[in-house]
Amino acid sequence: MSDFQQKVSDYVKSNSLNYNRNLTEDEIAKITVSFLETSGDYDEGLIDAHIESIKLKWADEERIQGGDNLKNWRSLRRASVITGCTVMDVRDLKIIEKSKESFDFILDILENTENVTFSFLNSRQKKKLVETMYPQEVTEGTFLIREGDTDNKVYIVEKGKFHVIIKDKIMKVVQKGEFFGEIALLHNLSRTADVIAMEDSKIWVIDQKAYTTIRQSDRTKFKNIVLKGLKKCKFFKDFQYEELKAISKVLDFRYCIVGTVHPVQEDEIFIFTRNGKIKFEDGNIKEIKKSEYVTATFECLSIIEGARVKKRQPRKKDFHIPLCMKKLKN
């Protein structure tokens with residue numbers, strides 16, 4: 001094993017330890033090899049995103065098998081879902097005034113990182129998120145995070161330096177232009193490390209409620225896009241408008257990372273809510289547009305958003321919206 005490969009492998013191991021991923025040695029080896037096949041640079045942010053991507057891929061493979069593995073799939077899919085957080089009206093989010101210099105500094109970080117946390121947001125949403133972030137001064141020697149804490153904020157460093165410590169060992173040094181805490185924000189996990197300020201520092205705080213609200217702010221638009229797609233879909237040609245509308249209200253929208261494979265089973269279609277590019281199992285590449293649908297498994301060649309829909313949803317002879325929605329949820 002080369003020094004570079006060993007370095008990547010060691011980081012994957014530390015990532016597994018820090019975030020309680022419980023990766024086996026075989027899984028660590030597979031992730032390391034697949035990362036080296038796609039990148040020649042050592043970038044911890046890229047490795048983090050790659051690990052998330054592989055975990056989602058494995059989750060979907062578990063899903064295909066069904067049965068007892070379905071529980072595992074649901075558990076693993078939490079990597080792309082925020083749970084236990086109340087969503088507000090985006091118009092009610094408090095806007096925090098900040099200088100243009102600070103605004104541009106934060107936005108540049110969000111726009112240029114490949115971290116999965118922010119790759120799900122479009123440029124407009126990132127700007128809105130920056131508007132809601134608030135500053136915090138941290139004096140040297142202060143523990144900003146303690147192992148076991150249950151807060152779920154993300155911190156971006158504008159000035160200063162922090163050490164991430166696990167069992168008295170420095171695992172990472174975080175400095176200006178870097179951020180930490182995103183795993184707790186996404187997964188509602190307890191903190192797995194101590195974080196201490198090594199000098200007087202200034203950070204910007206991302207609140208989970210603001211992040212979730214902004215991320216979910218496009219759901220109404222997504223529902224309308226899906227509704228448009230359902231109206232054009234041959235599998236739903238005999239459905240009434242109100243029936244299609246009810247179906248669109250109970251869908252689980254997915255944010256699909258580049259490189260992940262998304263199985264589409266025989267009784268499903270996948271409707272896209274964002275333009276992008278995909279590749280089918282036979283190697284064919286397709287430019288897709290929002291409201292289009294596919295009936296076959298595909299790999300993401302760009303960030304994709306959309307929803308899986310059963311080809312034939314349960315119907316009742318005497319249709320009633322609330323009853324239909326209840327039926328669909330079950």
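Definitions and limits used
- Residues numbered from 1 in each chain as written.
- Predicted model: local features only at pLDDT ≥ 70, side-chain atom pairs only at ≥ 80, totals over all residues.
- Heavy atoms only, no water.
- Pairing = 2+ DSSP bridges.
- Helix = DSSP H or I, 4+ residues; strand = E, 2+ residues; numbered from the N terminus.
- Axes fitted to C-alpha atoms, helices over the stretch in contact; angles between N-to-C directions.
- Phe/Tyr/Trp six-rings, centres within 6.5 Å; stacked < 30°, edge-to-face > 60°.
- Buried < 20%, exposed > 50% of the residue type's maximum accessible area, 1.4 Å probe, protein only.
- Polar contact = N/O pair within 3.5 Å; in protein donor to acceptor, adjacent residues only side chain to side chain.
- Contact = heavy atoms within 4.5 Å.
- Arc of directions from axis to C-beta.
- Parallel < 35°, antiparallel > 145°, perpendicular 65-115°, else oblique.
- Left-handed = near helix turned anticlockwise from the far one by under 90°.
- Nonpolar A, V, L, I, M, F, W, Y, C, P; charged D, E, K, R; others polar.
- pLDDT = per-residue confidence, 0-100.

As recorded in an unreviewed UniProt entry, the chain goes by the name cGMP-dependent protein kinase, isozyme 1, listed as coming from Nosema bombycis.

What follows covers the sheet that holds strand 7 (residues 194-197). One open sheet holds the 4 strands; their spatial order is 2-7-4-5, and the pairing between them is antiparallel. Both edges of this open sheet fall to strand 2 (143-145) and strand 5 (169-175), since each of them pairs with a single strand only. Strand-to-strand twist of the sheet, defined as the mean angle between neighbouring strand axes without regard to direction, takes the value 30°. Bridging between strand 4 (residues 161-166) and strand 5 involves 6 bridges; their strand directions are antiparallel. Along strand 5, the bridge assignment pairs V164 with K172.

Okay, the packing of aromatic side chains next. As enumerated under the stated definition, the model contains 9 aromatic pairs in all. Plain terms: the ring middles of F118 and F179 are 5.3 Å apart, the flat faces sit at 85° to each other, and that makes the pair edge-to-face. Of this pair, F118 sits in helix 6 (residues 116-119) while F179 sits in strand 6 (residues 179-180), and the two are 61 residues apart along the sequence. Judged by relative accessible area, which is 12%, F179 ranks as buried. Relative to Y211, the ring of F118 lies with its centre 6.4 Å away and its plane at 85°, an arrangement referred to as edge-to-face. Of the two residues, F118 is situated in helix 6 and Y211 in helix 9 (residues 208-215); the sequence distance between them amounts to 93 residues. By the burial criterion, F118 is buried, and Y211 matches it. The rings of F118, F179 and Y211 are connected pair by pair, giving a single aromatic cluster.

With that settled, consider the side chain of T273. Along the polypeptide, T273 turns up in the loop between strand 11 (268-272) and strand 12 (276-280). With a relative accessible area of 5%, T273 lands in the buried category. From its side chain, T273 meets the backbone nitrogen of G306 in a polar contact 3.5 Å long. Here T273 is in contact with F222, I225, V226, F253, K290, E305 and G306, once residues within four sequence places are set aside.

What follows deals with the sheet that holds strand 12. With respect to topology, 4 strands assemble into an open sheet ordered 10-15-12-13, the strand pairing being antiparallel. Only two strands of the sheet have a single neighbouring strand rather than two, namely strand 10 (261-262) and strand 13 (285-288). In terms of strand pairing, strand 12 meets strand 13 through 4 bridges, oriented antiparallel. Bridge pairing in strand 13 places I278 opposite K286.

Looking at where Q216 falls in the secondary structure, it is placed in the loop between helix 9 and helix 10 (219-232). Once the C-alpha coordinates of Q216 and Q125 are considered, the two residues, 91 residues apart in sequence, prove to be 9.8 Å apart.

Positive phi is not limited to glycine here, since D168 has a value of about 65°. Inspection of the secondary structure assignment puts D168 in the loop between strand 4 and strand 5. Residue classification places D168 among the exposed positions, given a relative accessible area of 79%. The backbone of S291 sits at a positive phi, close to 85°, despite the residue not being glycine. Here S291 shows up in the loop between strand 13 and strand 14 (293-294).

Taken as a whole, helix 7 (residues 123-132) has its buried residues at Q125, K126, L129, V130 and T132. Down the axis of helix 7, the smallest arc covering the buried residues is 160°, so these residues share one side. Against the buried residues of helix 7 lie helix 5 (100-112), helix 6, strand 1 (134-138), strand 8 (201-206) and helix 9.

Turning to the packing of helix 7 against helix 9, a few remarks are in order. Packing of helix 7 against helix 9 brings their axes to within 10 Å, and their N-to-C directions diverge by 155°. Looking at the two axes, helix 7 sits roughly antiparallel to helix 9. In this structure, helix 7 meets helix 9 at a crossing whose hand is right-handed. Residues Q125, K128, L129 and T132 of helix 7 touch helix 9, and the partners they reach there are A210, Y211, I214 and R215. Class assignment of the residues belonging to the contact of helix 7 with helix 9 gives a composition of 4 nonpolar, 2 polar and 2 charged.

Moving on, we come to the confidence of the model for the chain. Here the chain averages 78 in pLDDT, and 76% of its residues register 70 or above. Contacts of residues 67-84 to residues separated by more than four positions or lying in other chains number 31 contacts, the stretch itself having pLDDT below 50. Across residues 316-330, where pLDDT falls below 50, the model places 18 contacts with residues more than four positions away in sequence or in other chains.

Within the secondary structure layout, V309 lies in strand 16 (residues 304-310). Separated by 40 residues in sequence, V309 and I269 have C-alpha atoms that sit 5.4 Å apart. For V309, the contacting residues outside a window of four places in its chain are L230, F236, I247, L251, D267, E268, I269 and I271.

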